[in-house]
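Examining the three-dimensional arrangement
Spelled out, the chains give:
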Amino acid sequence: MTDSRLYRWLRPWVFPVVLVGAFEWYARRAAALGSDALAPPSAAAKAFMGAATDGSLWTATGFTLGTAALGLLLGAVLGIALGVVLGLSRRAAQLGSVSIEVLRPVPSVALIPLAMLTFGFGVRMELAIVAFATFWPLLVLVQSAVQQVEPRLLEVSRVLGLSSRERAFKIVLPAIVPRLFVALRLGVAVALVVAVTVEIAANPNGMGYAMMIAQQSFDPALMLAWLVWIGVVGFAVNAGMVLLQRVVSRRMGVQP
Amino acid sequence: MNGNGNKDRIGLNRLGSLGVLLALVALWWVASNAGWVSRVFLPTPQATFASLLEGLNLAGGDGNGELLGFTQATVGRMIEGWLLASLFGVLLGAAIGVSPQVRAWVQPTLEFIRPLPASALLPLAISIFGLNPGMVLFVVAFGAMWPVLLATVHGFAAVEPRLSEVTRCLQMSRAAYIWKMGLPNAMPDILAGMRLALTIALIVAVVGEMIASQSGLGQAILLAARAFRASDLFAGIVLLGLIGFVSNALLALAEQRLLRWQRP
């Protein structure tokens, strides 16, 4: 019995361990042949410890996570506000549809040069792009969530004579909380990916830039360390959101 | 008569929403022409339009046709990478998804790699392959492969158990099972994954062009911004938006046709 539990616990780790082992062997052989493009995972682990002790790891991670969170906040507030309006009023939804269809497919990275021109490098440009990228999925998901609010709830609000602001805050927003968290989970994933992408492409701050600069200074060990760390941070943030969503939907009495 | 009135109303709403878009463009026109926003950041719509015409060689002979070539390069990269991603995503996904054993061993690793931004692989790919078009294509294909791969695995894992029993009763071979049960069942998932993959392919292609300075719209808009040529920058953004819009619409259409058998 304990045997099979151990087996089950170990099973997911076998494949990555084999991959890392193969990479270690390959990188060492390449290094022996005089290539400096790759570093074995053991060297990457050492580089990672170095970055963690001198603090550069934490500043860069903090910058990326903080900017992604602020951008998500901005995009989410705007997206939710417009989503509620478009979800409640069918006429507004129809009037806005063509503009949304035209603007939504603009790839967020296309705005990197524009944001660079407008804001220069730093927090603001990254913020603007993250907000743009998270605005659309939240708008669309919130709009459809509001459209699926139980019609009887809206009738109650009409009978009670609530103003439209009270209706939005007291009836609609609480009713869509479980679906809102699904949308926010998607938004978090998008925000993190876009933030790292902006840093790789242009912004000289954060985790993406740290990886870029490690590559450009021919430090493959540090670059690999950053790549794995970005993966770990992304995984942890997403896993945290899944957990949060599960807790919220259980509180709200929704079967997951 | 009722149906006619409905149709009229839909037409009217369509007109109304077009009007909203036109109003937005008018706002842009006023804001840039009246100088509310500096023209360094916000060119006038007519300047953007002129840049588009010149770049696409539509102005009647005197255009340079630069944007046309860039657009072709970017669209080509996006589509090549997307096709590769779809092919390998479905093949690998089917190989992993068809056996619960393999799934149990490999899927946790796949789930770990999923949230990794595709563009984060660019530095690694640059140091392995160097700065060349093949490197960008590789990253585009690799980044766009994940949604297809994971969707295929999920589609295969979600085959109705009774259907699997039927194939066992009929003593179908594994290849026949994949072809006749697995793939049709995973089709909606695969198509949804491919749609996401196309978006990712465009994004990674643009980022790749920016970093690796491969000729394309990504590089063009970056250079335009560095040289403060705002109208060229906006022309590039408009074209990228158009590419996203058209590719998404085409794929939605294809999806509708391919999944027609699912609807009663």
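All values reported here derive from a predicted model rather than from experimental measurement. (Residues numbered from 1 in each chain as written. Chains lettered and ligands numbered in written order. Predicted model: local features only at pLDDT ≥ 70, side-chain atom pairs only at ≥ 80, totals over all residues.)

**With respect to the overall build of chain A**
- Per the secondary structure count, chain A includes ten helices and zero strands.
- Taken from the N to the C terminus, the helices and strands of chain A come in the order α-α-α-α-α-α-α-α-α-α.
- By the compact-globule yardstick of 18 Å for 256 residues, chain A is too spread out, its C-alpha radius of gyration being 23 Å.
- By its C-alpha atoms, chain A is 80 × 60 × 30 Å across when sized along the principal axes.
- By residue count, 38% of the 256 residues in chain A fall in the buried class.
- Long-range pairs, those at least 24 residues apart, make up 74% of the contacts in chain A with a sequence separation of at least 6. (Helix = DSSP H or I, 4+ residues; strand = E, 2+ residues; numbered from the N terminus. Rg over C-alpha atoms; globule rule 2.2 N^0.38 Å. Buried ≥ 20, exposed ≤ 12 C-beta atoms within 10 Å, placed from the backbone. Contact = placed C-beta atoms within 7 Å.)

**With respect to the overall build of chain B**
- Scanning chain B from terminus to terminus reveals ten helices and zero strands.
- Listed by position from the N terminus, the elements making up chain B come as α-α-α-α-α-α-α-α-α-α.
- Relative to a compact globule of 264 residues, whose C-alpha radius of gyration would be 18 Å, chain B shows 23 Å and is clearly more extended.
- In terms of overall dimensions, chain B has a C-alpha envelope of 75 × 70 × 35 Å along the principal axes.

**Some remarks on the nonpolar core**
- Ranked by internal contacts, the top residues of the largest apolar core, which has 133 residues, are Ile-129, Val-142 and Trp-226 of chain A together with Ala-201 of chain B.
- In contact with Ile-129 of chain A, other than residues within four places in its own chain, are Ser-108, Leu-111, Ile-112, Ala-115, Val-194 and Val-198 of chain A. (Core = buried A, V, L, I, M, F, W, Y, C linked by C-beta atoms within 7 Å.)

**Some words on the confidence of the model for chain B**
All names here are of chain B.
- Per-residue pLDDT for chain B averages 86, and the proportion of residues at 70 or more is 94%.
- Mean pLDDT per element in chain B: helix H1 (residues 2–33) is the minimum at 79, and helix H3 (residues 66–97) is the maximum at 92.
- Of the two predicted TM-score estimates for the complex, the pTM is 0.88 and the ipTM is 0.86. (pLDDT = per-residue confidence, 0-100.)

**Some remarks on the interface of chain A and chain B**
- Taken together, the contact between chain A and chain B spans 43 residues of the former and 44 residues of the latter.
- Elements supplying a minimum of two residues to the side of chain A that touches chain B: helix H1 (2–32), helix H4 (90–103), helix H5 (112–119), helix H8 (164–201), helix H9 (206–216) and helix H10 (220–251) of chain A.
- Counting residues per element, the side of chain A that touches chain B draws most heavily on H10 of chain A, which supplies eight residues.
- Residues of the side of chain A that touches chain B, tallied by class, amount to 31 nonpolar, eleven polar and one charged. (Nonpolar A, V, L, I, M, F, W, Y, C, P; charged D, E, K, R; others polar.)

**Quick word on helix H9 (residues 217–226) of chain B**
- Counting buried positions along H9 of chain B yields eight of ten residues, so the element is predominantly enclosed.
- Residues of H9 of chain B that are buried: Leu-217, Gly-218, Gln-219, Ala-220, Ile-221, Leu-222, Ala-224 and Ala-225 of chain B.
- Contacts from the buried residues of H9 of chain B go to H5 of chain A together with H3, helix H8 (174–212) and helix H10 (230–258) of chain B.
- Downstream of H9 of chain B by one or two residues, Phe-228 of chain B has phi in the positive range, about 55°.

**Considering the packing of H3 of chain B against H8 of chain B**
Residues and elements named next belong to chain B.
- Two elements in contact, H3 and H8, have axes separated by 8 Å at closest approach and are oriented at 145°. Where H3 crosses over H8, the handedness of that crossing is right-handed. Along its contact with H3, which presents Thr-74, Arg-77, Met-78, Gly-81, Trp-82, Ala-85, Ser-86, Val-90 and Ala-94, the element H8 presents Ile-178, Gly-182, Ile-190, Met-194, Ala-197, Leu-198, Ala-201, Leu-202, Ala-205, Val-206 and Glu-209.
- Looking at side-chain class alone, the contact of H3 with H8 contains 14 nonpolar, four polar and two charged residues. (Axes fitted to C-alpha atoms, helices over the stretch in contact; angles between N-to-C directions. Left-handed = near helix turned anticlockwise from the far one by under 90°.)

**Some details on the environment of Glu-160 of chain B**
- Its place among the elements puts Glu-160 of chain B in the loop between helix H6 (133–157) and helix H7 (161–169).
- Between the C-alpha atoms of Glu-160 of chain B and Met-181 of chain B, which are 21 residues apart in sequence, the distance is 9.5 Å.

**Observations concerning unusual backbone geometry**
- Even without being a glycine, Phe-218 of chain A presents a positive backbone phi close to 50°.
- Summarising the element assignment, Phe-218 of chain A is placed in the loop between H9 and H10.
- The backbone of Phe-228 of chain B shows a phi angle near 55°, a positive value even though the residue is not glycine.
- Secondary-structure assignment places Phe-228 of chain B in the loop between H9 and H10.

**Some details on the packing of helix H5 (residues 121–129) of chain B against H6 of chain B**
Residues and elements named next belong to chain B.
- In contact at an axis separation of 10 Å, H5 and H6 are set at 140° when each is read in the N-to-C sense. By the angle between their directions, the pair H5 and H6 is classed as oblique. When the axes of H5 and H6 are compared, the crossing they make is right-handed. For the pair H5 and H6, the contacting residues are Leu-121, Leu-122, Ala-125, Ile-126 and Phe-129 in the first and Gly-134, Met-135, Phe-138, Val-139, Phe-142 and Gly-143 in the second.
- When grouped by side-chain class, the residues that make up the contact of H5 with H6 number nine nonpolar, two polar and no charged. (Parallel < 35°, antiparallel > 145°, perpendicular 65-115°, else oblique.)

**A few points about the environment of Ser-213 of chain B**
Residue and element names in this part refer to chain B.
- Its location among the elements puts Ser-213 in the loop between H8 and H9.
- With 13 C-beta atoms packed within 10 Å, Ser-213 lands in the partly exposed category.
- The spacing of Ser-213 and Trp-179 is 34 residues in sequence and 42 Å in space, taken between C-alpha atoms.

**Some remarks on helix H4 (residues 100–113) of chain B**
- The terminal C-alpha atoms of H4 of chain B lie 20 Å apart, and with 14 residues this matches the ideal 20 Å at 1.5 Å per residue to within 8%.
- Along its length, H4 of chain B shows its largest kink, about 45°, at Val-106 of chain B, and proline Pro-108 of chain B lies within four residues downstream of that point. (Expected span 1.5 Å × (residues − 1). Bend = angle between axes of the 7 residues up to and from the residue.)

**Thoughts on the confidence of the model for chain A**
- For chain A, per-residue confidence averages 88 on the pLDDT scale, and residues scoring 70 or more make up 97% of the total.
- Mean pLDDT values over the elements of chain A span from 82, in H1 of chain A, up to 94, in helix H3 (residues 56–88) of chain A.

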